[in-house]
Structures are given as structure tokens and as C-alpha cells.
Amino acid sequence: MPRIKKVLVANRGEIAIRVMRTCKELGLATVAVYSEADRSALHTRFADEAYCIGPAPSRESYLVIDNVLEAAKKSGADAIHPGYGFLSENAKFVRACEKAGVTFIGPPASAMDAMGEKTHARRNMIKAGVPVVPGTDAPFANFDEAKAFAAKIGFPVMLKAAGGGGGKGMRRVDRAEDLESAWRTAKSEAMSAFGNDAVYMEKFLDQPHHVEIQVFGDTHGNVIHLNERECSAQRRNQKVVEETPSPILTPEMRAAMGEVAVRAAKAVNYVGAGTIEFLVDSKRNFYFLEMNTRLQVEHPVTEWVTGVDLVAWQLHVAQGGVLPILKPIQPRGHSIEVRVYAEDPATNFMPAPGTISYVRVPSGPYVRDDSGVYAGYRVPNFYDPMISKLSVWAPTRMEAILKMRRALDEYVLTGITTNLRYLKQILMHQEFVGGNYDTGFLGREHQKLLGEEDPALTRASMIAAAVRAHQRAEKAQAQIAKNTAGTGGSGISPWRTAGRRQAAWGKR
Ligand code: MV4
């Protein structure tokens, strides 16, 4: 396996910069690709060279395999890192890289095929003895099959797109009479999201936790796990806050889920960084949900507690290296990450593109900000509006919460609307601090998190504040009275003026 010398990063924003940073530390040359809308994006400036791969829309640039490979050819890049999203889980792209003689830094196309189609993934997991959410292990041929299966397992059920995960085309159905319309909606959403309208069904798990396990495999058959990430703080299937260790995992659960995750990865001969997603129900049973065959957005929290640079491992394994650590890694301390978005929580999280006039990111001990923006940068509206990921580490969870609160207070971003205040509200919320929040948390607490407490609470808190202010005033008055006894009301204690020259006073 030849040594990699030059890496083309087929992505944009913070992840492109994050990957380039490790490449530079390893002495590798870097190549950026950008759309016409990203001509002045930060990642194009970080790379040693940069190539335009098409117009602004992703489907005409970042998603065009030939354009990316054309840039690899022009630049002489011998490897491509896909980041996450875009082509990162596209088996066709992996095969095209192989055909072009360019090393794809990620799993083999076969692993993507095995995990991409969700019922195929379920069949593979059932065969490997991995617990899956009760449901079908193949898409339905027609509505009558779906109706019969729902009658068998009982409502509520979850209809899901077989063509892809992430919640697209997913529909919860509580009653038989709602099944047909949900069926139609799920199929049309699945078709537009994945070009495949196949749907399958699972028993609905009520407000589960979303816990995922980082796995890593090399080309010598070794697979290990690097513990879990708690990702239940989600809004509409979009992760907002992630942390590790999970506050709900016992050491026994961690060991069991880690073993199952390794078994799942081995079952598809996994190579590279991957994530096994689990749902954990209220009885702490865990079920395989799906496998993400890519490096995840939230990988920094794992890097904080393990001390592993996951991109460095990806590059090492892509060149045939043996996993640097083969035994279970004992995580140290606690890490939390929040996703900073150019969006307005008050208008239902509408993306808020625009030009950043000033930015000062938090820093100090154990604070990391993976950012893709700068003062003067115009956040385009063609792509996901995430502008940075802020992560912290501390010895304990409470200290990590306090550090994240301090970091969020320090974050200055003007010129656009962001979700920074919303993120701070989450870190202040007693359910988050308590650690038992589930996937329904952000939806349930939406109003409170917007800082729009309900009127009754607001009135009560205003009255309490007024009473407190009155008590403070009374206390201060009493103190002044005590201090001014014998000073004729000037308030200046005789002890402080004794000995001062009268003349100075007389000059007034
Ligand atoms: C579920 C579920 C409950 N029951 N499946 C699927 C996509 C993944 N990102 C989230 N998914 C879920 N699948 C069954 N059978 C709950 C989730 C879920 C979720 C669903 C809606 C809104 C937010 C969610 C966050 C985490 C998990």
C-alpha cells in the first residue's frame, strides 16, 4: 500500500478544515474543492491548492463524482477524504475512486452496501445476533402487507424508509385508521429523499435515548470500539448537543453495547471509522438502529475522552496500518459538544444566512471550536447552516457543563442570527443537567428553551425578583444607617476622614 502524500478533502465548512489540520500535522499536502458560492470560504484558504468543482447547488458541485475526481486528477491527489454528508456514504463514489486509482479514506463500498439499505442492515444484524428493534426485515410489497403486520405487532408502529436513515420518510402511526395516509406520505418522502420508496415497519419505542458507539476497523481484521456518545438532544432528527460518557449508561451496559457494536462492524468486515446507532428504551434495553459508515459530526467528544485523533487513524488505516490501540480504551473525564447554527430558534429554526460582522470564539483550558467561518464571511444559504462545533472537556460531567456554559457566554458572533442563546438554555435546563433527557426532551421543552417561559412562571419569577430587590434595598438601608451613625448623614465613617487635612476639603 503506497504512502499517501496529498489528500483532497471532498467537503466544505468546519469538517474540511478539521481534516486538513490533521493532514498538515502529518506532513501531507492538502487540496480543497469548492463550489462557486464557496469561492471565499475558509477551507479554500487552508488548503495548499483549491479547485472549483461547479455551481453553488450541491447536486451540481459537491455531489458530482466526476467533478471531484477531475480535481483529484488535476491536483495529483492520491487520496480523498469525504468528511461527512455529501459523498461520504456513496458506494458508487468509492468504486469510482478505486477505478481512478485514488485511495478513498473510509470503509469499502461493500460495507456501505451492507449497511445502506436499512432492511438489508437489519437482516445482517439479525444474522450476527445483534438485537434490532422488533419489526420487518424486508420492505413491504404492498399496503395490505403493512396493514397485516401492524395488526400483528400492535400500534403504535414506526414506518421507515428502507433506502436511508436519519429519520427521512419516517412516520409514527398510533391507530389503524391513520396507517394508509402515513403509508403514502412515508413512501413519497422516501422517494424524494433516497430515490427509493420502499418502506418497512418497526414497533414504536416511546421517547427512547439515542446512544451511539464509535467503532474502528483496520484492513487486518481488527475492530475495536471507542465507547459511546449520548445523542438524545435532537430536534427533528437533527443532533444539537452530544456528550460522552452517556449519563444513562452503566459500566455493564457500556461493555454489552460495545461488544455488540464490534460484532456488528465485524459482520460487514468494516474498515475505518464508523458508528453503530442504538435506541435505548425506558427499561434500558438497547436495539441496533442503523450504522453510519462515515466519520460523524460529533467525533470530537470521543477524541477528547480517548486522546485519539480519529482522522489520523483514518489516514493510518487507509495506508494499511494496524490499529494503534487494540484493547478497550478507558475514557477519561467528560466531554460535551454543541452545534452552533446560523438559524433563528424563535422562527422555528429558520436558517439565517448573512454576513458575519464580528466573531470571537471561546478559548481557555479544554475548549475546542471547530469553525468554518470568519468576520466578513457570508454564510451561504445553499448548504447546512452549521457554522461551528464547540466542544469542551472536564474531569466530571458537572464541570463540563459549567465549562460549556462559560464558553457559550464567551462566544461572540454578530451580523447573523444564531442558536447560541438556545444552546445556553439547554445547558442551564434542569432536565439536561439531571442527565436523564431522552429524544423527546427538546420538543417537550421547546418554549422554555426559547426563553419564553410560560406567563404564570414569568409572573411568579418577576414577583420573586421584586421581593428580593426590596429585601436587598431594606438590608442596604439598614447597613447605611449603621455606617452613618455619628457622621451627620454624610455616610463617610469618621474613622476614614480622621486625620485628613481640612484644607483639601475647604478647596471646594
Ligand atoms: C425510532 C424511534 C422510536 N421507535 N424507531 C430513526 C432515525 C434516527 N435518527 C432517529 N430514529 C428513531 N427511530 C422506533 N421504532 C425514535 C427515533 C428517534 C427520533 C425520532 C423522532 C425524532 C427524534 C428522534 C431522535 C432520536 C431517535
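Here the structure is shown first, and the text comes after it.
This is a predicted model, so every value here is computed, not measured.

Caption draft 1: How the structure looks around the overall build of the protein. Counting its regular elements, the protein contains 19 helices and 22 strands. Along the three orthogonal principal directions, the C-alpha set of the protein runs to about 95 × 60 × 45 Å. Counting across all 508 residues of the protein, residues that qualify as buried make up 53%. Looking at the protein alone, contacts between residues at least 24 apart form 64% of all its contacts between residues at least 6 apart. When the accessible surface of the protein is summed, it comes to about 22,800 Å², and 54% of that surface belongs to carbon and sulfur atoms. Averaged over its 64 positive side-chain charges, the protein has a centre that lies 7 Å from the centre of its 55 negative ones.

Caption draft 2: Structural detail: the state of the cysteines. This structure, assessed with the given rule, holds zero disulfides. Among the cysteines around C97, which has no disulfide bond, C23 carries the closest sulfur, lying 15 Å off.

Caption draft 3: Up close: the environment of G85. Structurally, G85 is set in the loop between β4 (79–81) and α4 (91–100). Residue classification places G85 among the partly exposed positions, given a relative accessible area of 34%. When the C-alpha positions of G85 and K6 are compared, they lie 22 Å apart, and in sequence the two are 79 residues distant.

Caption draft 4: Expanded view of the pairing of strand β14 (residues 334–341). Burial runs high along β14: eight of the eight residues are buried. Burial of β14 is two-sided: the residues H334, I336, V338 and V340 facing one way and the residues S335, E337, R339 and Y341 facing the other way are all buried. As paired elements, strand β11 (residues 238–244) and β14 share four bridges and run antiparallel to each other. Of the residues in β14, the one forming a bridge with E242 is E337.

Caption draft 5: Structural view of the side chain of K424. On the secondary structure map, K424 appears in helix α13 (residues 420–428). By relative accessible area, which is 19% here, K424 ends up buried. A polar atom in the side chain of K424 sits 2.8 Å from the side chain of D409. Excluding residues that lie within four positions of it along the chain, K424 makes contacts with R405, L408 and D409.

Caption draft 6: A look at the sheet that holds β4. Taken in spatial order, the five strands of this open sheet run β3-β2-β1-β4-β5, and their pairing is parallel. If you trace the sheet from one side to the other, it starts and ends with β3 (49–54) and β5 (103–104), each paired once. Where strand β1 (residues 6–9) lies against strand β2 (residues 29–35), four bridges are found, and the strand directions are parallel. Following the sheet pairing, V7 is matched in β2 by T30.

Caption draft 7: Focus on helix α10 (residues 299–306). With seven of eight residues buried, α10 is to be regarded as a mostly interior element. Of the residues one or two after α10, G307 is the one with positive phi, at around 75 degrees.

Caption draft 8: How the structure looks around the environment of P385. Among the structural elements, P385 can be located in the loop between β20 (378–379) and β21 (386–394). The class of P385 is buried, set by a relative accessible area of 16%. Linking P385 and M350, residues 35 residues apart in sequence, is a C-alpha distance of 9.7 Å. Here P385 is in contact with V340, Y341, A342 and P351, once residues within four sequence places are set aside.

Caption draft 9: Representation of the site of the ligand within the structure. Lining the immediate environment of the ligand, one finds 17 residues, of which K160, E202, K203, L205 and N237 sit closest. E202 is positioned such that a nitrogen or oxygen atom in its side chain is 2.9 Å from a nitrogen atom of the ligand. Starting from 530 Å² of accessible surface for the ligand in isolation, the protein chains cover 89%. Both domains that furnish three or more residues to the shell around the ligand are identified here as domain 2 (134–203) and domain 3 (209–449).

Thresholds applied
- In this numbering scheme, every chain counts its residues from 1 along its sequence in written order.
- Confidence filtering applies because this is a predicted model: local features only for residues at pLDDT of at least 70, side-chain atom pairs given and counted only at 80 or more, and all residues used for totals across whole chains, interfaces and linings.
- Where side-chain values are given, they derive from all heavy atoms of the structure, hydrogens and water being excluded.
- Put simply, DSSP marks the helices as runs of H or I at least four residues long and the strands as runs of E at least two long, and each gets a number from the N terminus on.
- Exposure categories follow from relative accessible area, calculated using a 1.4 Å probe and restricted to protein chains: below 20% of the type maximum is buried, above 50% is exposed, and the middle band is partly exposed.
- We call two residues contacting when some pair of their heavy atoms lies within 4.5 Å.
- Computed with a 1.4 Å probe, the accessible areas rest on the Shrake-Rupley method; for each residue, only the protein chains presented here act as cover.
- We treat Lys and Arg as the positive residues and Asp and Glu as the negative residues; His and chain ends play no part in the count.
- A single reference atom marks each charge: NZ on Lys, CZ on Arg, CG on Asp, CD on Glu.
- When the sulfur atoms of two cysteines come within 2.5 Å, that pair is taken as a disulfide.
- Pairing between two strands requires that DSSP report at least two bridges joining them.
- Here a polar contact is recorded for every N or O atom pair within 3.5 Å, except that within protein the pair must consist of a potential hydrogen donor and a potential acceptor, and residues adjacent in sequence are included only if both atoms are side-chain atoms.
- Being near a molecule or strand, for a residue, means having at least one of its heavy atoms within 4 Å of it.
- Domain limits in this description derive from either an automatic procedure or a database domain assignment.

Function cannot be read off these values alone, since they describe shape.
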